[in-house]
Amino acid sequence: MKAIVFEAPGSTPVLAEVDLAHPKAGEVEVTITAAGVCHSDLHVISGDWDISTPVVLGHEGSGVVSALGPGVTDLEIGDHVVLSWVPACGVCRYCLAGRPAQCVLVAEVVAPLGVLHDGTSRLTQQGRTLHHYLGVSSFAERVVVPVSGAIRVRKDAPLDVLALVGCAVATGVGAVTKTANVQPGSTVAVIGCGGVGLNCIQGARLAGAARIVAVDIMPEKLELARRLGATDVIDSSSTDAVKALKEAVPEGLDYVFDAIGKISTTEQAIAALGLGGAAVIVGLPPTGQHARFDPLALAEADQRILGSNYGSVVPQRDIPWLVDLYMSGELDLESLVSARRPLSEAPEALADLAAGRALRQLLIGSPTPIETE
Ligand SMILES: [Zn+2]
Ligand SMILES: [Zn+2]
């Protein structure tokens, strides 16, 4: 099959012919309908994060189950699924505590070693082993993933756009509704209006926030932020974001979401908080960087700093819920899609994302008819 292979930091990802083995016990094969292009893929290419290479990129995707490994009874061939990049083990301490995004098997084996649950890869290229990216590797015609990484969704939903639910939507909406548990009437700001930030804005709207202030440096993203629920927008290319946020919400911000993950934006999120407020780190910086804040001021103001990994979602429970919200019109996914392109254009799509020319781009695989039941 065709897939996008990345050799090592410094190289450009390329479309290549690779081999995908049959699913083993507890795994399924999924034929990809669409894969979303996310900033996390860029972090890998730039070498910001250390992962096992060579690797097939992509960690956001949707598709149709096309083969079952031995013993799989939870899914059937033909099921529509959204891929999750935390294919949790279900039995470790964190899984049992309802925090599958912290799954020990994913954190210690799947993610760092670029393999599936049994410690091996299903991907090869002319005899050499290729690694899986976050147990997904969706920039490909097909994938083999653990059953827990393929979340069955309703068949009457357009499957291509559902790819976004597996990363950007879960991360953004989850950060607001799960990690921070924003209450109705709260005041919220979101720094960064890309794929994740716009979903933080949608999450804040769903949570009933009274004020939702969007911060970005690109006017067209701020325009879209308004359409998705922002009550106020701040163009931080021409003004000091912290000062502008405090002026916009003089009563104080209850929550500030950093959807960028640069050190500067993390520091802004903390500095802009009102009394009792919480800064939520959603966007991810390169490994090993450190932000500064004033602990005395934080303590005196009774403020909190929260980390949010994968929006603190439980994928099996929350991905179908997010799909329902989309189907009922409460969650806008189409506005987040700036382009649909063939898999072969993945290198160009990644370059466009890096240059800020794109929102969420979908790499389209095989077409899937919508089934109405
Ligand atoms: Zn992502
Ligand atoms: Zn686990």
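Everything quoted here is computed from the prediction, not taken from an experiment. (Residues numbered from 1 in each chain as written. Chains lettered and ligands numbered in written order. Predicted model: local features only at pLDDT ≥ 70, side-chain atom pairs only at ≥ 80, totals over all residues.)

Enquirer: Could you clarify how one ought to interpret the overall build of the protein chain in this entry?
Expert: In terms of regular secondary structure, the protein chain is built from twelve helices and 19 strands. Over its C-alpha atoms the protein chain spans a radius of gyration of 20 Å, differing by no more than 12% from the 21 Å that the globule rule assigns to 373 residues. Along the first, second and third principal axes, the C-alpha atoms of the protein chain reach 60 × 50 × 40 Å. Within the protein chain, the fraction of its 373 residues that count as buried is 52%. Excluding contacts between residues fewer than 6 apart, the proportion of contacts in the protein chain whose partners are at least 24 apart in sequence is 71%. (Helix = DSSP H or I, 4+ residues; strand = E, 2+ residues; numbered from the N terminus. Rg over C-alpha atoms; globule rule 2.2 N^0.38 Å. Buried ≥ 20, exposed ≤ 12 C-beta atoms within 10 Å, placed from the backbone. Contact = placed C-beta atoms within 7 Å.)

Enquirer: It is not clear to me how the packing of helix H5 (residues 168-179) against helix H11 (residues 315-327) should be interpreted in this structure. Could you clarify?
Expert: The angle between the axes and the distance between the axes are what describe a pair of packed helices. At a minimum axis distance of 11 Å, the contact between H5 and H11 shows a crossing angle of 95°. It follows from the interaxial angle that H5 and H11 lie roughly perpendicular. Contacts between H5 and H11 involve Val169, Ala170, Val173 and Gly174 from the former and Pro315, Asp318, Ile319 and Leu322 from the latter. Per-class residue counts for the contact of H5 with H11 are six nonpolar, one polar and one charged. (Axes fitted to C-alpha atoms, helices over the stretch in contact; angles between N-to-C directions. Parallel < 35°, antiparallel > 145°, perpendicular 65-115°, else oblique. Nonpolar A, V, L, I, M, F, W, Y, C, P; charged D, E, K, R; others polar.)

Enquirer: What should I look at first to understand the domain arrangement of the protein chain in this one?
Expert: Taken domain by domain, the protein chain holds domain 1 (2-166 + 332-364) and domain 2 (172-308). For domain 1 versus domain 2, the distance between C-alpha centres works out to 28 Å. At the junction of the two partners, domain 1 supplies twelve residues and domain 2 supplies eleven residues. Broken down by class, the residue content of the side of domain 1 that touches domain 2 amounts to four nonpolar, four polar and four charged. (Domains from an automatic or database assignment.)

Enquirer: Help me understand the nonpolar core, please; the structure alone is not making it clear to me.
Expert: A general feature of soluble globular proteins is that nonpolar side chains tend to end up buried together. One finds Val56, Val190 and Phe257 to be the most contacted residues of the largest nonpolar core, which totals 125 residues. For this core, the two domains that each supply at least three residues are domain 1 (2-166 + 332-364) and domain 2 (172-308). (Core = buried A, V, L, I, M, F, W, Y, C linked by C-beta atoms within 7 Å.)

Enquirer: Sorry, what's going on with H5 here?
Expert: Three- or four-residue spacings in an α-helix give side chains the same orientation, since the helix completes a turn every 3.6 residues. Of all twelve residues that make up H5, eleven are buried, and the element is covered over most of its length. Turning to H5, its buried residues number three or more, namely Ala168, Val169, Ala170, Thr171, Gly172, Val173, Gly174, Ala175, Val176, Thr177 and Thr179. Asn181 sits one or two positions beyond H5 and adopts a positive phi of about 50°.

Enquirer: Whenever I open this one, the sheet that holds strand S9 (residues 128-132) confuses me. Can you help?
Expert: Two strands in a sheet stick together by hydrogen bonds in their backbones, pointing the same way (parallel) or opposite ways (antiparallel). One open sheet holds the six strands; their spatial order is S2-S1-S5-S9-S8-S3, and the pairing between them is mixed. With one partner strand each, in any of the chains shown, strand S2 (14-17) and strand S3 (19-20) form the two edges of the open sheet. Two strands pair when backbone bridges link them, and strand S8 (residues 123-125) and S9 are joined in this way by three bridges, in the antiparallel orientation. Looking at S9, one finds that Thr124 is bridged to Thr129. (Pairing = 2+ DSSP bridges.)

Enquirer: Honestly, unusual backbone geometry in this entry has me stumped. Any pointers?
Expert: Trans peptide bonds make up the majority, and among non-glycine residues the majority have a negative phi. Going from Thr53 to Pro54, the amide bond is cis rather than trans, its omega being -5°. The residue Pro54 is located in the loop between helix H1 (39-46) and strand S5 (55-56) in this model. Phi is positive for Leu134, close to 50°, though the residue is something other than glycine. Here Leu134 lies in the loop between S9 and strand S10 (142-146). In the Ramachandran plot, Ser312 falls in the positive-phi region, its phi being about 50° despite a non-glycine side chain.

Enquirer: Looking at this model, I keep getting lost on the packing of H1 against helix H12 (residues 346-354). Mind explaining?
Expert: Packing of H1 against H12 leaves a shortest axis separation of 10 Å and a crossing angle of 100°. In terms of their interaxial angle, H1 and H12 are classed as roughly perpendicular. On the side of H1, the interface is formed by His39, Asp41, Leu42 and Ile45, while H12 contributes Leu350, Leu353 and Ala354. Classifying every residue of the contact of H1 with H12 by side-chain character gives five nonpolar, one polar and one charged.

Enquirer: Quick question: what am I supposed to make of the sheet that holds strand S15 (residues 253-258) here?
Expert: Read across the open sheet, the six strands follow the order S14-S13-S12-S15-S16-S17; overall the sheet is parallel. Taken across any chain shown, the strands that pair with only one partner, and hence form the sheet edges, are strand S14 (232-235) and strand S17 (304-307). Neighbour to neighbour, the strand axes of the sheet diverge by 20° on average, direction disregarded. Here strand S16 (residues 273-281) runs beside S17; their pairing, made up of four bridges, is parallel. Paired with Ala279 across the bridge in S17 is Ile305.

Enquirer: Please explain the pairing of strand S6 (residues 61-68) as it appears in this structure.
Expert: Within a regular beta strand, the side chains point alternately toward one face of the sheet and then the other, so they alternate between its two faces. Among the eight residues of S6, six are classified as buried, and the element is accordingly described as predominantly covered. Bridge count for strand S4 (residues 27-37) against S6 is seven bridges, and the pairing is antiparallel. Directly across from Ile32, in S6, lies its bridge partner Gly63.

Enquirer: Just to check I follow, could you spell out the pairing of strand S18 (residues 337-342) for this structure?
Expert: As paired strands, S18 and strand S19 (residues 360-364) are joined by five bridges and run parallel to one another. Counterpart to Arg341 in the pairing with S19 is Leu363. For the segment spanning S18, H12 and S19, crossover handedness is right-handed. (Right-handed = clockwise from strand over helix to strand, strands pointing away.)

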